[in-house]
Amino acid sequence: MIIQTLRAGREQEILRLYEVVGWTAYLSQPDRIKPAFDHSLCVLELCDDENRLLGFVRAVGDGETILYIQDLIVDPSVQNQGWGTLLLKTMADRYPQVRQKILLSDDVEKTLRFYRRLGWQPVSELHCQALIKIIR
């Protein structure tokens, strides 16, 4: 397995990963994937020896004061092998100077345990609130 900067032309593989993990909101507007990824601060891919995309982590932000992890996806066929951890740590290590690293997660115990194990914590524990406005 290789972790590297996402290569161009992976849009269909990205959509496949969104689909297999059930993130269907992205599937309703597939034409927005390329511009969204092109405008991201950094996207790292996880691929196998045959160059198949098996996961990625995508960050947005300025890379100096804020880093927002927009997506972290690993194909279910290779989950629970440490690849999600390695993708997230590799991204965070690229921006050691950034004080605020943020992500939004589903409220699922398994997912929350994963992030907590890596040192992430709910904003409520920091006496903060996270707010969101979703346009449908």
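See the structure shown above.
Residues numbered from 1 in each chain as written. Predicted model: local features only at pLDDT ≥ 70, side-chain atom pairs only at ≥ 80, totals over all residues. Heavy atoms only, no water.

Enquirer: Can you lay out the overall build of the protein for me, pointing to particular residues and giving the numbers?
Expert: From N to C terminus, the protein includes four helices and five strands. In terms of C-alpha radius of gyration, the protein reaches 15 Å, essentially the compact-globule figure of 14 Å for 136 residues. In the protein, buried positions account for 32% of the 136 residues. In the protein, the proportion of contacts linking residues at least 24 apart, taken out of those at least 6 apart, comes to 58%. In the form shown here, the protein has an accessible surface area of approximately 8900 Å², with 51% of it arising from carbon and sulfur atoms. Of note, the protein has its 17 positive side-chain charges centred 4 Å away from the centre of its 18 negative side-chain charges. (Helix = DSSP H or I, 4+ residues; strand = E, 2+ residues; numbered from the N terminus. Rg over C-alpha atoms; globule rule 2.2 N^0.38 Å. Buried < 20%, exposed > 50% of the residue type's maximum accessible area, 1.4 Å probe, protein only. Contact = heavy atoms within 4.5 Å. Areas by Shrake-Rupley, 256 points an atom, 1.4 Å probe, with all protein chains shown as cover. Lys, Arg positive; Asp, Glu negative; His and termini not counted. Charge placed at Lys NZ, Arg CZ, Asp CG, Glu CD.)

Enquirer: For helix α3 (residues 83-94), give the residues involved together with the corresponding values.
Expert: Between its first and last C-alpha atoms α3 spans 17 Å; for twelve residues at 1.5 Å apiece the expected length is 16 Å, and the two agree. By the burial criterion, the buried members of α3 are W83, G84, T85, L87, L88 and M91. In the core, the buried residues of α3 are packed alongside β1 (2-5), β2 (42-47), β3 (53-61), β4 (66-74) and α4 (109-117). (Expected span 1.5 Å × (residues − 1).)

Enquirer: Describe the sheet that holds β3, listing the residues and the values that go with them.
Expert: Pairing is mixed across the open sheet formed by five strands, whose spatial order is β1-β2-β3-β4-β5. Looking along the sheet, the strands with just one partner apiece sit at the ends: β1 and β5 (100-103). Ignoring strand direction, the axes of neighbouring strands in this sheet form an average angle of 25 degrees. Across the face of the sheet, helix α1 (residues 11-20) comes into contact with β3 and β4 while running at roughly 95 degrees to β3. (Pairing = 2+ DSSP bridges. Axes fitted to C-alpha atoms, helices over the stretch in contact; angles between N-to-C directions.)

Enquirer: Now, about the pairing of β5: what can you tell me, with residues and values included?
Expert: Both β4 and β5 contribute to a ladder of four bridges, which runs parallel. Looking at the pairing, Y68 lines up with I102 of β5. For the crossover that starts at β4, traverses α3 and ends in the parallel β5, the hand is right-handed. (Right-handed = clockwise from strand over helix to strand, strands pointing away.)

Enquirer: Outline the packing of aromatic side chains, listing residues and values.
Expert: Tallied over the full model, the rule gives six aromatic pairs. Plain terms: the ring middles of W23 and Y26 are 6.4 Å apart, the flat faces sit at 20 degrees to each other, and that makes the pair stacked. Plain terms: the ring middles of F114 and Y115 are 5.0 Å apart, the flat faces sit at 70 degrees to each other, and that makes the pair edge-to-face. For Y115, a relative accessible area of 11% gives the class buried. Members of the aromatic cluster, each reached through a chain of ring pairs, are Y18, W23, Y26, F37 and F56. Sitting above the plane of the F37 ring, R58 keeps its charged end 4.6 Å from the centroid. (Phe/Tyr/Trp six-rings, centres within 6.5 Å; stacked < 30°, edge-to-face > 60°. Lys NZ or Arg CZ within 6 Å of the ring centre and 35° of its normal.)

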